[in-house]
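Observations on the three-dimensional arrangement
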Amino acid sequence: MSRVYNFSAGPSCLPEEVLKACADEMMDCNGTGQSVMEMSHRSKAYEPIIENTEKLVRELMNVPENYKVLFLQGGASTQFAMIPLNLALKNKKAAYINTGVWSKKAIAEAKKLGVTVDVLASSEDKGFNYIPKVEKISGDYDYVHITFNNTIMGTHYEYIPETGDIPLVADISSCILSEPLDVSKFGLLYAGAQKNLAPAGVTLVIIREDLITETPLAGTPTMLTYKTHSDNGSMFNTPPCYTIYVMGKVLQWIKDNGGAEGMKKRNYEKAEYLYNYLDNSDFYHATAQKGSRSIMNVPFLTKYSTGATDEASVAKEKEINDKFVKEATAAGLVNLKGHRLVGGMRASIYNAMSLDGVKALVKFMQDFAEKN
Ligand SMILES: *Cc1c(COP(=O)(O)O)cnc(C)c1O
């Protein structure tokens, strides 16, 4: 067996212990003679599995009693619509901070539903390479939405905006459980699981109970109403059973490795190792500004990304990037191609990525820089 170091932005690497545990239980889970994939979601065998996953979410994220934990489908992208449908009720007005692609998509969806959107701040002026400081927010908004970690741009909030009585909503798809987060500061948190928690297929929503309404915007489908899922323990229809099971295993792995605090230590070690190298290199540089840098997604460019637009410079830049990705892949370091909006390379170093993986990447980068 030969495993690679997988730097994919999502779906992404999972802890090997988890993959092995899933393999061990593939033919017979807990003496049931079935795989979890084959179980009825309403069976006695499955019940403790979803209960265990919820219990671990609550424990590891320190979720207060007055919040519901929901396992939904449709990805984080469906939340872009569910949030305005269920929360933009009083004034049909919401505030967003625009920090990149995912914020823009969330904004577009709210507008599509007829919600008045105030974009309070945007970092588009600098190609989204920083997080604007909007520390205090007030107004007649039904909610405020932020993208806490920007997977594509490699930026991350190092503060939580103060919104007073206005519910704060955050997309934490690519940073959930990467470090401790005070859930009580938020009205709603959501995360597609395929970055840091599980394989693709489930979206975790943590919502304060008073935000779960009987009467969302007129015409809201049953499946897009939080109350439907909260009243039915995420079992109104068939939930993504197997993914919820794997999430439980990942959460147990996080717990065994020191919980959110343990992940923070592990992640800062990795991120600092990589940023340190980038900041001291004359061949590479990180694209995100200090003070806004993600500890999960690290986009970087080489010295051949000069911004020059003449044909020769563009060709050289492409040649080097392609070569980097190709040679890295051959060395067992995969999925390092940057997002087309940033260019260059991106290393996603989620919880499951080891410090050894990051060290192997830096070693490769050093060799590559010397030869090019
Ligand atoms: C990946 C990602 C999304 C989209 O998630 P889907 O589950 O594919 O809909 C949204 N927001 C952020 C921050 C992401 O990283």
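Just so you know, these numbers come straight off a predicted model, no measurement behind them.

Cut-off values and rules
Residues numbered from 1 in each chain as written. Predicted model: local features only at pLDDT ≥ 70, side-chain atom pairs only at ≥ 80, totals over all residues. Heavy atoms only, no water. Helix = DSSP H or I, 4+ residues; strand = E, 2+ residues; numbered from the N terminus. Buried < 20%, exposed > 50% of the residue type's maximum accessible area, 1.4 Å probe, protein only. Lys, Arg positive; Asp, Glu negative; His and termini not counted. Salt bridge = Lys/Arg side-chain N within 4 Å of Asp/Glu carboxyl O. Polar contact = N/O pair within 3.5 Å; in protein donor to acceptor, adjacent residues only side chain to side chain. Contact = heavy atoms within 4.5 Å. Pairing = 2+ DSSP bridges. Axes fitted to C-alpha atoms, helices over the stretch in contact; angles between N-to-C directions. Near = heavy atom within 4 Å. Areas by Shrake-Rupley, 256 points an atom, 1.4 Å probe, with all protein chains shown as cover. Nonpolar A, V, L, I, M, F, W, Y, C, P; charged D, E, K, R; others polar. 1 Å grid on protein atoms, 1.4 Å probe; cavity = no way out; pocket = protein on both sides within 12 Å on 5 of 7 lines; lining within 4 Å. Points joined across faces, edges and corners; volume = space filled by probe spheres on them. Domains from an automatic or database assignment.

1. Section: the side chain of Asp142
Its place among the elements puts Asp142 in the loop between strand 4 (116-122) and strand 5 (143-147). As a buried residue without a salt bridge, Asp142 has its nearest oppositely charged side chain in Lys90, at a separation of 6.3 Å. Side-chain polar atoms of Asp142 contact the backbone nitrogen of Leu89, separated by 3.4 Å. Polar contacts involving the side chain of Asp142 include one to the main-chain amide nitrogen of Lys90, which spans 3.4 Å. What Asp142 contacts, discounting residues up to four positions off in sequence, is Leu87, Ala88, Leu89, Lys90, Asn91, Lys92, Lys93, Ile166 and Pro167.

2. Observations regarding the side chain of Thr203
Mapping Thr203 onto the fold places it in strand 10 (residues 203-208). A relative accessible area of 0% means that Thr203 is categorised as buried. Among the polar contacts listed, one links the side chain of Thr203 to the backbone nitrogen of Gly75, at a separation of 3.1 Å. Apart from the residues lying within four places of it in its own chain, the contact partners of Thr203 are Leu70, Phe71, Leu72, Gln73, Gly74, Gly75, Ala76, Gln79, Ala191 and Gly192.

3. Here's the deal with the sheet that holds strand 12 (residues 297-302)
Ordered in space as 11-12-14, the three strands form an open sheet in which the pairing is antiparallel. Two strands lie at the open edges of the sheet, namely strand 11 (284-286) and strand 14 (345-348), each paired on one side alone. Direction aside, neighbouring strands of the sheet carry axes that sit 30 degrees apart on average. In this structure, strand 11 lies alongside strand 12, joined through three bridges in antiparallel fashion.

4. Overview of the site of the ligand
Near the ligand you find 13 residues, and of these Ser77, Thr151, Asp171, Gln194 and Lys195 are the closest. Within the side chain of Ser77, an N or O atom sits 2.6 Å from an oxygen atom of the ligand. Within the side chain of Gln194, one N or O atom sits 2.9 Å away from an oxygen atom of the ligand. Protein chains shield 87% of the accessible area of the ligand, which is 380 Å² for the free molecule. No other element matches the four residues that helix 3 (residues 75-87) contributes to the shell around the ligand. Tallied by class, the residues present in the shell around the ligand amount to three nonpolar, eight polar and two charged.

5. Focus: the layout of surface pockets
Here the largest pocket defines a volume of roughly 320 Å³. Considering every element that reaches the lining of the largest pocket, the biggest residue donor is helix 1 (residues 16-24), with three residues. Taken domain by domain, the makeup of the lining of the largest pocket includes at least three residues from each of domain 1 (16-256) and domain 2 (260-371).

6. Structural notes on the domain arrangement of the chain
As assigned here, the chain comprises domain 1 (16-256) and domain 2 (260-371). At the junction of the two partners, domain 1 supplies 25 residues and domain 2 supplies 26 residues. Run the count over domain 1 and domain 2 and you get zero salt bridges. Our count for the contact surface shared by domain 1 and domain 2 stands at 12 residue pairs in polar contact (both at pLDDT 80 or more).

7. Observations regarding unusual backbone geometry
In most cases, non-glycine residues show a negative phi, while peptide bonds are predominantly trans. Cis geometry is found at the peptide bond from Gly10 to Pro11, where omega equals -15 degrees. On the secondary structure map, Pro11 appears in the loop between strand 1 (5-6) and helix 1. In the Ramachandran plot, Asn30 falls in the positive-phi region, its phi being about 50 degrees despite a non-glycine side chain. In this structure, Asn30 sits in the loop between helix 1 and helix 2 (47-61). Owing to a relative accessible area of 61%, Asn30 belongs among the exposed residues under this scheme. In this structure, Asn62 is a non-glycine residue whose phi angle is positive, near 55 degrees.

8. As for the pairing of strand 2 (residues 67-72)
Counting buried positions along strand 2 yields five of six residues, so the element is predominantly enclosed. Relative to strand 10, strand 2 is paired through six bridges, and the arrangement is antiparallel. When the sheet's bridge partners are listed, Phe71 is paired in strand 10 with Leu204.

9. Concerning the pattern of salt bridges
Across all of its chains, the model carries 16 salt bridges by this definition. Glu124 serves as the salt-bridge partner of Lys104, at 2.7 Å between the closest nitrogen and oxygen. Here Glu124 lies in the loop between strand 4 and strand 5 and Lys104 lies in helix 4 (residues 101-112), a separation of 20 residues in the sequence. Residue class for Glu124 comes out partly exposed when judged on its relative accessible area of 39%. The partner of Asp279 in a salt bridge is Arg293, and the shortest N-O contact between them spans 3.0 Å. With Asp279 in helix 7 (residues 259-279) and Arg293 in the loop between strand 11 and strand 12, this residue pair connects regions lying 14 residues apart in the sequence.

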